[in-house]
Amino acid sequence: MNRATSLIRRVRLITHTDPTLVANYIPFPIFAPAWTPASPLTCHHARFLATKQGKGHGKVQKVKPKQDKQEVEIKQKMTVSALAQAMNKDFDHVFEALLNTSVDLDSLEPHSVLEEQWIKEVVKRSGMKYKWAKLVESKERENKDTQRRAPPDPAVLVSRPPVVTIMGHVDHGKTTLLDSLRKSQVAAGEAGGITQHIGAFLVQLPSGEKITFLDTPGHAAFSAMRARGALATDIVILVVAADDGVMKQTIESILHAKKAQVPIIVAVNKCDKHQADPARVKQELLSHDVVCEEYGGEVQAIHVSALKGDNLLELAEATVTLAEMMELKGDPTGLVEGTIIESRSDKGKGPVTTAIVQRGTLKKGCTLVAGKTWAKVRFLFDENNCTVKEAGPSTAVEIVGWKELPSAGEEILEVESEKRAREVVDWRCYQEEQDKLKEDMQAIEVKQREHHESYKKEREPLAHLSWRQRKSALYKANKKLMAMRPSEKLESQELSLPLIVKGDVDGSVEAILNILESYDAHNQCQMEVVHFGIGDVSENDLNLAETFSGEASVLAMFDVTVGKKKVPVAGCRVQKGQLDRKMKFRLVRGRDVIWEGSLTALKHHKDDVQMVKTGMECGLSVDQDIEFRPGDEIVCYEETETRQTISWDPGF
């Protein structure tokens, strides 16, 4: 270091330390070989060297006014992306602000939730100041649902026919008994003699009394339908074959009747057979708390032969007598209330429901609500497929005019207008979405904790490595997986069996789905019901079975920076099936299709993947600027072109 340089530094040091010393300090010029007396030029030269470069001689440096720090509104449980957006920064800025802290940066994602101390720390390190966001009290949506009316005035009540459900074990003669009562031959058209869905019929006896009968299936798969029949009925006729005795579905029917607190009449059927033993049947019923009159109980037991028609009138009279003792009354006035016994889709009529009217008088033109759909009643049909003008309490009737097919077991309520019906349906759909959103948010928190724990556990063996070494180790592991033979990959993946269930009525589909729920061999083969519905199997169903990919629900939204552009990303969980990046996708919000197109990226954690399976979480971005919302459904599908054919033959 030469003397000139040393001199400059010494002058600067003194100037910044104590300006008053500069006047007493007499340096010599740079060019001087030795100390010389001070001169005005020398002193001025020293002051010049002490100023910043580029400033003029003698100019005093202006002090910049203090700038106000940017305020950032923060709140509890902010995600990284939300904090970055509040600061008008990107994800990388937050990431860098958390360097040299105890935060696990390897597991930090845009949707990761930050603790309060780290939210404040990021703001401070960014040269900003924070303030708590004001709590905005959102106005709760008004409940627009409709409910059953208050109990009726006894003055308006009138006598009504009893609703009687025929229950029992399969092949014990329930349908034959009902056919004999209503003088029709429905059983001849049923496959295998098993009733596949509930039949509801109004029977008028020679004496003039009316009885509404419900026939329920006896097969083990139709337990839920028997339960509905018991809940919508006044009396249960329990059919037990005299040559077979009490069986599994007999016991189940007894339990349904007791749960619904409905009285029982026992019809001991097939008494015309040589192996018949009615006394044994009554003794077996004792062990299930069904005590017949012969044994000192109150349960009537009628010996019948449904095939030959023996004692059927006696059975009907016993039913009417019990109904009179129960003094059954109904309210034929006011808005209609009822229960859907069965629902189906008819090619000519559209969505059709079989229902029992429990209150009010149902007429053409009434506006009904059931579940999340509604109807403007266009037609009413009786058991003989004849149109009727109205249906009062205890009447079974088919209703045509539903916008969509409601589920069996739903409650029917009449409303004043179509506008009111839409309000009720919209409210119920909204309520269902809110419940689903709450469940999803709870699932998000659980999954985040599980993922964080598994991530830390997975990285423990690599904790002693630098981040570059960790990346290298993970890359080698992924490369080894990609190099596996196809047979090895197949063994490492779970086999999947997608199913489509279609049935003639809602109850049949429900029964099959209940059976499939008992499937317990997922370790050998993953079985997934990809679609179910009412009606015949169509070609579209077959295409769906071949190309099925399933659905995912949007749990959270965040932005990632690609170059200088922010790309919206949806954080999703696959609800069923699998998402395949090479297929097309559809974004569904409520009942509307918001977008259709292709994915630009599909990631599981931080890895690009081709496919994501059921139960896994993923992040995806699409080929358009789309605003995702929690609760949105993302459906993966494949388009196929099929030549349409019809049965019409023009003859040329």
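What counts and what doesn't
Residues numbered from 1 in each chain as written. Predicted model: local features only at pLDDT ≥ 70, side-chain atom pairs only at ≥ 80, totals over all residues. Heavy atoms only, no water. Helix = DSSP H or I, 4+ residues; strand = E, 2+ residues; numbered from the N terminus. Buried < 20%, exposed > 50% of the residue type's maximum accessible area, 1.4 Å probe, protein only. Contact = heavy atoms within 4.5 Å. Areas by Shrake-Rupley, 256 points an atom, 1.4 Å probe, with all protein chains shown as cover. Salt bridge = Lys/Arg side-chain N within 4 Å of Asp/Glu carboxyl O. Core = buried A, V, L, I, M, F, W, Y, C linked by side-chain atoms within 4.5 Å. Pairing = 2+ DSSP bridges. Axes fitted to C-alpha atoms, helices over the stretch in contact; angles between N-to-C directions. pLDDT = per-residue confidence, 0-100. Phe/Tyr/Trp six-rings, centres within 6.5 Å; stacked < 30°, edge-to-face > 60°.

Some thoughts on the overall build of the protein
What the protein contains, in helices and strands, is 16 helices and 29 strands. Each of the 652 residues in the protein was classed as buried or not, and the buried ones make up 40%. Taking as baseline every contact in the protein between residues at least 6 positions apart, the subset at least 24 positions apart corresponds to 70%. Approximately 38,900 Å² of the protein is accessible, and the part contributed by carbon and sulfur atoms is 52%.

Examining helix α6 (residues 116-125)
Buried residues of α6: Trp118, Ile119, Lys120, Val122 and Val123, and no others. Of the surrounding secondary structure, the elements contacted by the buried residues of α6 are β1 (71-74), α4 (80-86), α5 (91-97) and β2 (129-132). Gly127 occupies a position one or two residues after α6 and carries a positive phi of about 75°.

Considerations on the pattern of salt bridges
Enumeration over the complete set of coordinates arrives at 27 salt bridges. Between Arg344 and Asp346 there is a salt bridge, with its nearest N and O atoms 3.1 Å apart. Salt bridges linked by common partners bring Arg148, Arg149, Asp331, Glu337, Arg359 and Glu411 together as one network.

Re the nonpolar core
Counting 26 residues, the largest nonpolar core has Ile166, Leu177, Phe213, Ile237, Ala267 and Leu315 as its most contacted members. At 7 residues, the largest contribution of residues to this core is made by helix α11 (residues 312-326).

Section: the sheet that holds strand β11 (residues 337-346)
Strand order in the closed barrel formed by 6 strands is β11-β12-β17-β15-β14-β18, and the pairing between neighbours is antiparallel. Sheet twist, expressed as the average angle between the axes of neighbouring strands with direction ignored, equals 50°.

Remarks on the pairing of strand β17 (residues 396-402)
On a regular strand, each side chain points to the face opposite its neighbour's, so the side chains alternate between the two faces of the sheet. With 7 of its 7 residues buried, β17 lies for the most part within the structure. Direction of pairing for strand β12 (residues 350-359) relative to β17: antiparallel, over a ladder of 5 bridges. Residue pairing across strands places Ala355 opposite Val397, the latter belonging to β17. Summarising the sheet, strand β15 (residues 373-381) and β17 pair through 4 bridges and their orientation is antiparallel. Along β17, the bridge assignment pairs Phe381 with Glu398.

Considering the environment of Val158
Looking at the secondary structure, you find Val158 in strand β3 (residues 158-159). By relative accessible area, which is 38% here, Val158 ends up partly exposed.

Re the side chain of Thr354
One can find Thr354 in strand β12. Note on Thr354: relative accessible area 12%, which makes it buried. Here Thr354 is in contact with Ala200, Thr339, Ile340, Ile341, Glu342, Val397 and Glu398, once residues within four sequence places are set aside.

Section: the side chain of Thr146
Turning to its location among the elements, Thr146 is positioned in the loop between β2 and β3. We classify Thr146 as buried; its relative accessible area is 12%. For Thr146, the contacting residues outside a window of four places in its chain are Leu413, Val415, Arg420, Val424 and Arg428.

Section: the confidence of the model for the protein
Of all residues in the protein, 72% have pLDDT values of 70 or greater, and the mean over the chain is 75. Low pLDDT, under 50, characterises residues 1-56; the stretch is placed with 41 contacts to residues that sit more than four places away or in other chains. Note on residues 648-652: pLDDT is under 50 here. Beyond four places in sequence and across chains, it has 0 contacts.

A look at the pairing of strand β4 (residues 163-168)
Burial analysis of β4 places 6 of its 6 residues in the buried class, which makes it a mostly covered element. Of the two faces of β4, the one carrying Val163, Thr165 and Met167 and the one carrying Val164, Ile166 and Gly168 are both buried. Where β4 and strand β6 (residues 210-215) come together, 4 bridges link them in parallel fashion. Each residue of the ladder has a partner; that of Ile166, found in β6, is Asp215. Judged from the 5 bridges that link them, β4 and strand β7 (residues 235-241) form a sheet pairing that is parallel. Residue pairing in the sheet places Met167 in a bridge with Leu238 of β7.

Let's talk about the packing of aromatic side chains
By the definition in use, this model includes 3 aromatic pairs. Aromatic pair Phe91 and Phe95: ring centres 6.2 Å apart, planes at 45°, arrangement tilted. With Phe91 and Phe95 both in helix α5 and 4 residues apart, this pair spans about one turn of that helix. With relative accessibility at 19%, the residue Phe91 sits in the buried group. For the ring pair Phe379 and Phe381, a centre distance of 6.1 Å and an interplane angle of 40° mean the geometry is tilted. A relative accessible area of 36% places Phe379 in the partly exposed class.

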